[in-house]
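So you can see what is in the structure, the chains are spelled out below.
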Amino acid sequence: MGPKAATSEKPAATEEPELTDGFHLVIDALKLNGIETIYGVPGIPITDLGRMAQADGLRVISFRHEQNAGNAAAIAGYLTKKPGICLTVSAPGFLNGLTALANATTNCFPMILISGSSEREIVDLQQGDYEEMDQLAIAKPLCKAAFRVLHAADIGIGVARAIRAAVSGRPGGVYLDLPAKLLSQTMNAVAGKKSLVKVIDAAPDQIPAKHAVQRALDVLKNAKRPLIIFGKGASYAQADDAIRELVEKSGIPFLPMSMAKGLLPDTHPQCAGAARSTVLKDSDVVMLIGARLNWLLSHGKGKTWGSAPKKFIQIDIEPREMDSNIEIAAPLVGDIGSCVTALLEGMDSTWQAPPAEWTSAIKAKKDENIAKMAPRLANTKSPMDFHGALGALRNVIKERPDTILVNEGANTLDLARGVIDMYQPRKRLDVGTWGIMGIGTSFAIAAAIETGKPVLAVEGDSAFGFCGMEVETICRYQLPVCIVIFNNDGIYRGTDTDPTGRDPATTVFVKGSRYDKMMEAFGGVGVNVESPAELKRAVDEALNSGKPTLINAVIDPAAGTESGRIGNLNPQSVLKKK
Ligand code: ADP
Ligand code: MG
């Protein structure tokens, strides 16, 4: 509990009541609500808050940059369904954390960014305080909710509101502003304890309406070529058993979005991952489960979806998601566990598996694509191309399905997503809805901390550059993280040149860089590899030892393509070739 007032000199009868303060109330409020870990960067005014939290039994993981601490908190939220906590200093630290908070909100990850801030009186009169900034106002448009606490007695309520806002309904990022003065404010310890709130049922079940369930079943029943698409909302929901039962009982082929891979194994007979273009084009009824029809699904229209008329069923906790891009014939609003269970209950003995014509067409396409890919993945070229290197890593995950795979980059991301099969839920963590770069080391750290499982982070050299300093953090906490850098000397490729001959091209890095040396600088293991066999051996060794390892995988600088698979999003100048 809180510090005692200095009373030892006085007689017992006039002893002052025990006091607590803002520091202790924040820590007690988090602990009371089952928060075990804080990700952050220390500094004014929250240095002591971190120290005291650690002394009080919370795990406090200190990063080298707030954006990385924030990304770690966000993915911790995704993995645990509890809000991940990020703690930063004021103004610049807050702004660094804010990128992660906005990204968490975009991805529907529950997270709370707690930032210390300067004196309200000075900030509001713009009198130039140390790190002066109206942080609450700036955070508001970029997150799901934002709160500020001014009185120690309100800390309990403030933390409770932040937790509920982060995890209830569609999860997201919440900002909690704690002015420096609040932390040292004292109050009666007994009253302080009473002021804390234990949040009951923070993310209540949201039961779908019966008629909405029936409407969805009616649409599904009449399908000739049905398809289920899982998004990361489905993996977040942790309704794994019900989801598997729905897939297997219905017999409907399924397609996982990137982070939903492994919800059911990619090798499941109903998985249509290897026939993605075919099922998107030819399906007639598509049931989206925790996946949005955003750019990642071509907004539900255009060439990707073919000309065959389609009906969409959408399961989502957010009613406003319906019809966001196209008409949804059967919106099913509720939490995924409850919706899937209700659908299962409604599928009686008259339920018929989809026509064999559809499922066997998918199987034929899958077999064809898998056979086409096999020799590319088995190639032993040195320096490696992306496929040769990924073929090796694909075997690692096959042999160690327990491993968490973190993945970012351009080609490194796009190709790994297709090549590396996943076997278990929530094992693939990647760049998400924004396609953000620089999540790699922070996701790896949080995944290791939250799950205790080994982590393999496969990163492009460019992506790694946004977050590379956290290798020190990985070494400091001795985490079982193996980072593989696909080093092709640049962004997309390492072969571009400046047409004027003056500078390096805008997309290239130092040729022949040795990222493995960065890990060695902090006492970790660094390895340089040039062939798929060497790569496989080095990763196996790293995962067996559990030692922080960075493998510099030399990729042919000419191997990549512009923007990976999304080159079409680059605007082209019509004047370019003049
Ligand atoms: P992906 O990028 O994998 O397609 P998205 O992030 O686009 O996934 O979509 C996830 C969706 O899941 C969001 O619309 C979100 O509202 C929804 N969602 C998240 N958690 C739940 C839940 N427990 N129940 C229902 N829907 C959820
Ligand atoms: Mg590169």
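Just so it is clear, the model here is predicted, and its values are computed rather than measured.

Calculation rules
- Residues numbered from 1 in each chain as written.
- Chains lettered and ligands numbered in written order.
- Predicted model: local features only at pLDDT ≥ 70, side-chain atom pairs only at ≥ 80, totals over all residues.
- Heavy atoms only, no water.
- Helix = DSSP H or I, 4+ residues; strand = E, 2+ residues; numbered from the N terminus.
- Rg over C-alpha atoms; globule rule 2.2 N^0.38 Å.
- Buried < 20%, exposed > 50% of the residue type's maximum accessible area, 1.4 Å probe, protein only.
- Contact = heavy atoms within 4.5 Å.
- Lys, Arg positive; Asp, Glu negative; His and termini not counted.
- Charge placed at Lys NZ, Arg CZ, Asp CG, Glu CD.
- Pairing = 2+ DSSP bridges.
- Axes fitted to C-alpha atoms, helices over the stretch in contact; angles between N-to-C directions.
- Donors = N, O, S within 2.8 Å, 3.2 Å for Na, K, Ca; no water.
- Domains from an automatic or database assignment.
- Buried area = accessible area lost by both parts, 1.4 Å probe.
- Salt bridge = Lys/Arg side-chain N within 4 Å of Asp/Glu carboxyl O.
- Polar contact = N/O pair within 3.5 Å; in protein donor to acceptor, adjacent residues only side chain to side chain.
- Phe/Tyr/Trp six-rings, centres within 6.5 Å; stacked < 30°, edge-to-face > 60°.
- Lys NZ or Arg CZ within 6 Å of the ring centre and 35° of its normal.

Turning next to the overall build of the chain. Tallying secondary structure elements over the chain gives 22 helices and 19 strands in all. In terms of C-alpha radius of gyration, the chain reaches 26 Å, essentially the compact-globule figure of 25 Å for 578 residues. Seen through its principal axes, the chain has C-alpha atoms that stretch 90 × 65 × 55 Å. Buried positions account for 56% of the 578 residues belonging to the chain. Across the chain, every contact between residues at least 6 apart in sequence was considered, and the portion connecting residues at least 24 apart equals 75%. Counting 63 positive and 64 negative side-chain charges, the chain places the averaged centre of each group 6 Å from the other.

Here we take up the sheet that holds strand 2 (residues 37–40). Strand pairs in the sheet, formed through backbone hydrogen bonds, run parallel or antiparallel to each other. On the basis of which strands lie adjacent, the open sheet formed by 6 strands has the order 3-2-4-5-7-6 and parallel pairing. Taken across any chain shown, the strands that pair with only one partner, and hence form the sheet edges, are strand 3 (59–62) and strand 6 (145–148). Neighbour to neighbour, the strand axes of the sheet diverge by 20 degrees on average, direction disregarded. Two strands pair when backbone bridges link them, and strand 5 (residues 111–117) and strand 7 (residues 173–179) are joined in this way by 7 bridges, in the parallel orientation. From the neighbouring strand, Ile112 faces strand 7, where its bridge partner is Val174. Docked against the sheet, helix 7 (residues 155–167) engages strand 5, strand 6 and strand 7, running at close to 165 degrees with respect to strand 7. The strands touched by helix 18 (residues 440–451) within the sheet are strand 2 and strand 3, with strand 2 carrying the most contacts at an inclination of about 165 degrees.

The subject of this paragraph is the coordination of the magnesium ion (ligand 2). Protein coordination of the magnesium ion (ligand 2) is provided by Asp461 (OD), Asn488 (OD1) and Gly490 (O), with donor distances spanning 2.0 to 2.1 Å. All donor residues of the magnesium ion (ligand 2) come from one chain, and their arrangement in sequence is D-x26-N-x1-G. Taken as a pair, Asp461 in helix 19 (residues 461–465) and Asn488 in the loop between strand 17 (481–487) and helix 21 (516–520) lie far apart in primary sequence, 27 residues in all. Taking relative accessible area as the criterion, Asp461 reaches 3% and is therefore assigned buried.

This part covers the pairing of strand 12 (residues 311–316). Burial analysis of strand 12 places 5 of its 6 residues in the buried class, which makes it a mostly covered element. With 5 bridges connecting them, strand 11 (residues 285–289) and strand 12 associate as parallel partners. Looking across to strand 12, one finds that Val286 is bridged to Phe312.

Considered domain by domain, the chain is made up of domain 1 (19–195), domain 2 (210–363) and domain 3 (378–563). Computed from C-alpha atoms alone, the centre-to-centre distance between domain 1 and domain 3 is 32 Å. Across the contact, 22 residues belong to domain 1 and 24 residues belong to domain 3. When domain 1 packs against domain 3, close to 2,100 Å² is buried across both sides, 62% of that on carbon and sulfur atoms. Our enumeration of links across domain 1 and domain 3 arrives at 1 salt bridge. Between Glu472 and Arg64 there is a salt bridge, with its nearest N and O atoms 3.0 Å apart. At the junction of domain 1 and domain 3, the tally comes to 9 residue pairs in polar contact (both at pLDDT 80 or more).

Right, let's get into the packing of aromatic side chains. Enumeration over the complete set of coordinates arrives at 8 aromatic pairs. Taken together, a centroid distance of 5.2 Å and an interplanar angle of 50 degrees make the contact between Tyr78 and Phe109 tilted. Of the two residues, Tyr78 sits in helix 3 (residues 66–80) while Phe109 sits in the loop between helix 4 (91–107) and strand 5, which places them 31 residues apart along the sequence. Each member of the pair, Tyr78 as well as Phe109, is classed as buried. One Lys or Arg, Lys81, reaches over the ring of Tyr236 and ends 5.6 Å from the middle of that ring.

Here we take up the sheet that holds strand 19 (residues 549–554). Here 6 strands make up an open sheet; going across it, the order is 15-14-16-17-19-18 and the pairing parallel. Every interior strand has two partners, whereas the edge strands, strand 15 (428–430) and strand 18 (525–529), have only one. The sheet shows a mean angle of 15 degrees between the axes of neighbouring strands, taken without regard to direction. Sheet topology note: the strand 14 (residues 404–408)/strand 16 (residues 455–460) ladder contains 5 bridges and is parallel.

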